[in-house]
Amino acid sequence: MGDMNLPLLLLDNGSMMSVLNEGEFKCCNLTFDDAKHILKVYESAGILKCFSNPDIEKVMREYLEGGECAYPYKRIRNMRVGQDAIVFKLYVTASESNPVISADDGVWARKIQNVFVYCQYLTRFK
């Protein structure tokens, strides 16, 4: 873990690209259980959400927090040396099958893609 005096950043695909513009970083994949543990560790040190994506926020509520995603939002351009982040990456693939379902209001809908979310742990060390 990095410097606990710096807030943990929560990033998505786009905001991750913004913070990588300066410095040297280490990145590794993270399980949802590990991400949940890191969120608990940083709870008192501070956590900043650096994205606005309702799909990722839903994943955070359902799989990580069990409640509201009430972290303050802040747009970040650079990470500080020693600062950590959890990155929520969206992975979209074409659907191998295209089932048709009837929605609640009677409209027919076709599945066209699969959307997956995974986590990465990012630390700026230089």
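Here, the structure is the one placed above.
What counts as what
Residues numbered from 1 in each chain as written. Predicted model: local features only at pLDDT ≥ 70, side-chain atom pairs only at ≥ 80, totals over all residues. Heavy atoms only, no water. Helix = DSSP H or I, 4+ residues; strand = E, 2+ residues; numbered from the N terminus. Buried < 20%, exposed > 50% of the residue type's maximum accessible area, 1.4 Å probe, protein only. Contact = heavy atoms within 4.5 Å. Areas by Shrake-Rupley, 256 points an atom, 1.4 Å probe, with all protein chains shown as cover. Lys, Arg positive; Asp, Glu negative; His and termini not counted. Charge placed at Lys NZ, Arg CZ, Asp CG, Glu CD. Core = buried A, V, L, I, M, F, W, Y, C linked by side-chain atoms within 4.5 Å. Salt bridge = Lys/Arg side-chain N within 4 Å of Asp/Glu carboxyl O.

**Student:** Quick rundown of the overall build of the protein chain? Include the residues and the values.
**Tutor:** If you tally the helices and strands in the protein chain, you get 3 helices and 7 strands. The order of α-helices and β-strands along the protein chain, N terminus first, is β-α-β-α-β-α-β-β-β-β. A total of 126 residues make up the protein chain; the buried ones form 36% of that total. If you take every contact in the protein chain between residues at least 6 apart in sequence, the share linking residues at least 24 apart comes to 77%. Per element, the accessible surface of the protein chain, about 7,900 Å² overall, is 50% carbon and sulfur. Looking at the protein chain, you have 15 positive and 16 negative side-chain charges, and the mean spots of the two groups are 5 Å apart.

**Student:** Just give me the short version of the nonpolar core, but keep the residues and values in it.
**Tutor:** Of all hydrophobic cores here, the largest spans 18 residues; its most connected members are Leu 8, Leu 10, Ile 86 and Phe 88. Mapped onto this core, the elements with two or more residues apiece are β1 (8-12), α2 (32-42), α3 (54-65), β4 (84-94) and β7 (113-124). Leaving out residues up to four positions away in the same chain, Leu 8 has contacts with Ile 38, Leu 39, Tyr 42, Gly 46, Ile 47, Leu 48, Asp 84, Ala 85 and Ile 86. Residues Val 19, Ile 76, Met 79 and Ala 85 belong to the second largest nonpolar core, which totals 11 residues.

**Student:** With reference to specific residues and values, describe the side chain of Lys 89.
**Tutor:** Topologically, Lys 89 is positioned in strand β4. One buried charge, Lys 89, has no salt-bridge partner; the nearest side chain with opposite charge is Asp 12, at 8.9 Å. For Lys 89, the contacting residues outside a window of four places in its chain are Asn 13, Met 16, Phe 116, Val 117, Tyr 118 and Gln 120.

**Student:** Hey, could you go over the pattern of salt bridges for me, with residue numbers and the actual values?
**Tutor:** Evaluation of the coordinates by the stated rule reveals 1 salt bridge. Linking Glu 57 and Lys 49 is a salt bridge whose minimum nitrogen-to-oxygen distance equals 2.8 Å. In this structure, Glu 57 and Lys 49 share a single accessibility class: buried.

All quantities given are derived from atomic positions and should not be read as evidence of function.
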